[in-house]
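Topology and contacts: notes
The lines below spell out each chain.
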Amino acid sequence: MRARVAPSVVTAWVLRRLRSRHEVDAALGDLSEELARLTDEGRPPRWPRLWLEIRIWRYVIAGLWNLVASLDSELRWAWRSARGRRISGLIQIVLITLAVGTGAVLFSAADAFVFNPSPYPNAVRLVVFQRDSPVGVVDSLRADEQRELSARSDLFSAWYTHSMGAPAEIAGMTALVRTQDVQPGLFEALGVVPQWGRPLVPGDEQPGRETVVLISADLARTLFADPAAAVGRTFETSTGAMRVVGVMPDGFRFPTALEKIWQAPLKAQFPPNIAAVAPGVSMKAIEHAVGSLANESASSGRSAGPVRAVKMSDAEKDPRSFTNSGAFNASSGPRLFSMLFGAALCLALIICLNVAGLELASALERTRVSVVLTALGATRGALIRSALFETTILTAGGAILGMGLATWGTSVLTAALPAALGAALTNPIDLDLRTAAFTAGLTLMTAILTSIPVVWYASRADLANGLRRGAQTATATRTQQSARYGLITVQVALSVALLVIAALFVQSYVTRFDAKGLEGANLATLGISDLRGSPESAADLDRTIQAQLDGHPAVQSVSRTSRLLPGGFRGGSAQHLWLQGATSPAGLAAPATFEVDADFFQTVGLRLLGGRLPRADDADDQIAVDEALARRFWPDGKAVGARFSLGSETGNSPGSGPSQNRLRDASAGTFEIIGVVSHVELEAREFPRGGPIFAVYRLLPRHLPPSMGLSAGGRPTWIILNYMVRLSRPEMLDEVATLVRSTAQGATVSTGLMDDHYTEVFGDTRIAAGMTGGFGVVALLVAMLGLYGVAAFFVAGRTREIGIRIALGAHRGNVQRLVLRSTVRPVIVGTVAGSALALVVSRWIGGQLFGVVPQDPTTYALVVTTMLVTAVVATWWPARRASTLDPALTLRAE
Amino acid sequence: MTKQTAPVLGEFELLVVLAVLKLDDAAYPVAIADEIERTTRRRASRPSVLITLERLEEKGLLTSRYGDPTPVRGGRSKRFFSAKPLALQAVREALARITAMSRGLESLLET
């Protein structure tokens, strides 16, 4: 039987594009004949299709090579011309390197956040329940809703629960390790099983001597070197011994990448919050059932937002799923990255315009060469091809260097990320396939954009006329001049916009970091949790520790507080604030209550702005508030002495917030402000409707009772002691921590420096400020180069004219002004347009700014001045050169 | 009219033109490759033969036409190549160059 050969669809398509039908047909005939002969000879190829494909592609590639070989002279010409550019070619490569490098870094960062792939294969068949709350989206299902939904066995096949466990302090490790209580079976439902050992099974939650746990692969490596050897081993933690029964695969996270230990809960403290969708049930049916539930609760007058069912795979893609670390401002994340991405593209565009300007200049300078080549028979197509090859050579050089820059940039960015945010990323910031594809696209865009002027010029310019002009007078025509002015105007406009945004972000970060309200340097936090025993023994421990710290040479002052700064509001809710005697609430406010001792204000460095500091003999309803609250509700500055209450919209119900965050004062119902202290930034975010989160300080005696949670029977379920410590030097923190650990044995001691906490809290602002600041500076330099190019080109093109002017008696100043004027128009028009653009864009980023309004006139003035100074500096050198021209020489030249 | 100068042929090009001249009416890529392999005992891949034939056609040494479809080849036609007078001139010049260069080396080259 004769073998019939047919190429694959792709190959056939390529062949048909490159060759005529007859040629393809004959070539395929040749191949089928050869295949038949090989078969006849008894040595047929093992994979005939592969055999055929390889032969066809050899044919195709050889054909392409022939094509390239036919362009040999044009390629050589382009290469020679590219090399001949010297400095301007180098500048071009550097610019393209910057565009490609910054673009790739930014894209890889955005990519790491956007394409954070879900590590759960079965997440599409699981749903979580979310509702909107004043603090953002929360995962929560009320007990009554859960009861109702779990009865629907037609919709849900299983229910699972998970909740945060107590962080574990592991012997030999400095950082606390987050744990999560997960119901046995949940990981199997997610589609992930331990890579080593077994999963959690019912019965693992039984209280025993040791807690049975699953651990992450990296924790297994840290503790036991080899994950496989970890199974069956036991390690000691502050909460008791833990026995490893399984190690999860690398890259697994649940619910964030920060949890490294998973254990079965002793008893279900929370109702199940993840449901498995029954086979054959559509998401629509689930949404419908949950939707009707939401309607019911809305009609019954409940104030919480309606609950909705969300596929776990979708919830996972949401940036909020890895924002539990608190390091990342969830709502601003996507916007922040799209904005940074825009900034990178903006910079790339500025660079493209600049390179295009350089290209245009070089095309004009080469007029004579082009004319001679045309006269010798070069076609217009050959001129364009050669110019394109030249651009391609320069762009390719820039792209290769740009990838090198990007490799370095991604490592710098990874190092600059807040630790918690970095750890939460399962898709690292690196140059993966997607980034490579993006970079290729960006390079192509750069190549196309930068070639436009050359192609335009070569296809339209009147080359024959060029011969008639002398080299010195081969000035640009009016259109060419306007093209260059247009390019530089857009560059200036984009640079101004980018600089304004950068300045706003930098100002915002600096203000924020400086105006966090306290002196962060040398201030440390010290938290002791998981204390066992009675409140009395905890109070004894408190006294011992305070005495120890007071006597320590490195400790300048120490203070007890109910909560540690920053933070303090998490889990809290906004309440309506009523001014005394008012008939309607004055507005929403988000309070965070700190019960502190008398040394607190001095230790933390809070300034008293009005009234007096709380004293030990104050009444329960006398409090100090933060300046932000005072300014908001008493703009006339008469906050001291005012009384207010917190409650719902319809009436006073002080203390209705969650237990850990309320102002416990049921007797009076109102509070009297005795002092106003400086505002402390407690959280990275602002409360959506309630303005900044403000602190309320109540003074309790020097040895205030330990903070604790009480069970229904009055027994303490948890006890914590928190201290703010002012050290003489930050390096002393480890020594202090060791001392406290030796005293509070068996408890979990966590420490941190305030500046580090704030670096984490303001992590996203810092990244934004750093990156836009960097882009802004680069954009300014590029624009400067562009302006220099315009002025230098102006001088080069009008040397003869300038010579005549000088010969006729023009002064130096006149000539300098003439050159300076060449860049005045694009700079002024560009600056105005850029400021307008910045006004529009900055409105959009207003939410990310702190302490500076998007329309801040000082910022605009500063940027405009910088741009004008830059323009003068860039033009100065060409102007000077022009004014020192010797008219005799310039006129004698051609 | 001035006489057209024949392009210089490479070694493989020379072999291909010789094969075309030898095969006369039956010169199509498969046959040419076979002829080269059989006579010279060197490997001649089909794609390289085909590409060389096309290059020679571009240089104006060969011309090609398509034959009738044959059932043996699954109903596909053959592309037959034939030499133009310039090819003959190029081959003559190439052989003359080789002969000229090897003159005086007879004793060395004889086996």
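This write-up is about the structure you can find in this document. Note that the structure is a prediction, hence the values are computed from the model and not measured.

Here we look at the pattern of salt bridges
A full pass over the atoms with the stated rule returns 31 salt bridges over all chains. Across the pair Arg198(A) and Asp204(A) runs a salt bridge whose closest N-O atoms are separated by 2.9 Å. The closest approach of N and O atoms between Glu731(A) and Arg729(A), which form a salt bridge, is 3.1 Å. A single salt-bridge network, built from bridges that share partners, covers Glu34(A), Arg37(A), Glu41(A), Arg43(A), Asp34(B), Glu37(B), Arg43(B) and Arg46(B).

Description of a nonpolar patch on the surface
Nonpolar side chains collect at one region of the surface, where Leu837(A), Leu839(A), Val840(A), Val841(A) and Trp844(A) lie side by side and expose about 410 Å² of accessible area between them. Within the secondary structure, Trp844(A) sits in helix α26 (residues 812-845).

Description of the interface of chain B and chain A
Where interface size is quoted, it is often the accessible area lost as the parts come together. Between chain B and chain A, the residue contacts involve 20 residues of the former and 23 residues of the latter. Inspection of the region where chain B meets chain A yields seven salt bridges. Put simply, Arg73(B) and Glu33(A) hold a salt bridge, and the shortest N to O gap is 2.7 Å. Ranked by the residues each element gives to the side of chain B that touches chain A, the list is headed by helix α3 (residues 46-58) of chain B, at six residues. Looking at side-chain class alone, the side of chain B that touches chain A contains eight nonpolar, three polar and nine charged residues.

Observations concerning the packing of aromatic side chains
All names here are of chain A. Tallied over the full model, the rule gives 14 aromatic pairs over all chains. Considering the side-chain rings of Phe-107 and Phe-438, the 4.4 Å spacing of their centres and the 5° angle between planes classify their relative orientation as stacked. With Phe-107 in helix α5 (residues 87-114) and Phe-438 in helix α16 (residues 433-460), the pair connects residues that are 331 residues apart, well separated along the chain. Each member of the pair, Phe-107 as well as Phe-438, carries the same accessibility label: buried.

Some remarks on helix α22 (residues 733-743) of chain A
In an α-helix, one turn spans 3.6 residues; hence positions three or four apart end up facing the same way. Residues and elements named next belong to chain A. Taken residue by residue, α22 has Leu-733, Val-736, Ala-737 and Val-740 as its buried positions. All buried residues of α22 project into a common sector of 100° when viewed along the axis, lining one side. Away from the buried face of α22 by more than 90 degrees, exposed residues Asp-734 and Thr-738 are located.

Focus: the environment of Ser451(A)
Residues and elements named next belong to chain A. One can find Ser-451 in helix α16. With relative accessibility at 7%, the residue Ser-451 sits in the buried group. Once the C-alpha coordinates of Ser-451 and Leu-360 are considered, the two residues, 91 residues apart in sequence, prove to be 8.9 Å apart. Dropping the residues within four chain positions of it, Ser-451 is found in contact with Leu-388 and Thr-391.

Procedures and definitions
- Residues numbered from 1 in each chain as written.
- Chains lettered and ligands numbered in written order.
- Predicted model: local features only at pLDDT ≥ 70, side-chain atom pairs only at ≥ 80, totals over all residues.
- Heavy atoms only, no water.
- Salt bridge = Lys/Arg side-chain N within 4 Å of Asp/Glu carboxyl O.
- Patch = residues over 30% accessible without salt bridge, like charges linked within 9 Å, V, L, I, M, F, W, Y side chains within 5 Å.
- Areas by Shrake-Rupley, 256 points an atom, 1.4 Å probe, with all protein chains shown as cover.
- Helix = DSSP H or I, 4+ residues; strand = E, 2+ residues; numbered from the N terminus.
- Contact = heavy atoms within 4.5 Å.
- Nonpolar A, V, L, I, M, F, W, Y, C, P; charged D, E, K, R; others polar.
- Phe/Tyr/Trp six-rings, centres within 6.5 Å; stacked < 30°, edge-to-face > 60°.
- Buried < 20%, exposed > 50% of the residue type's maximum accessible area, 1.4 Å probe, protein only.
- Arc of directions from axis to C-beta.

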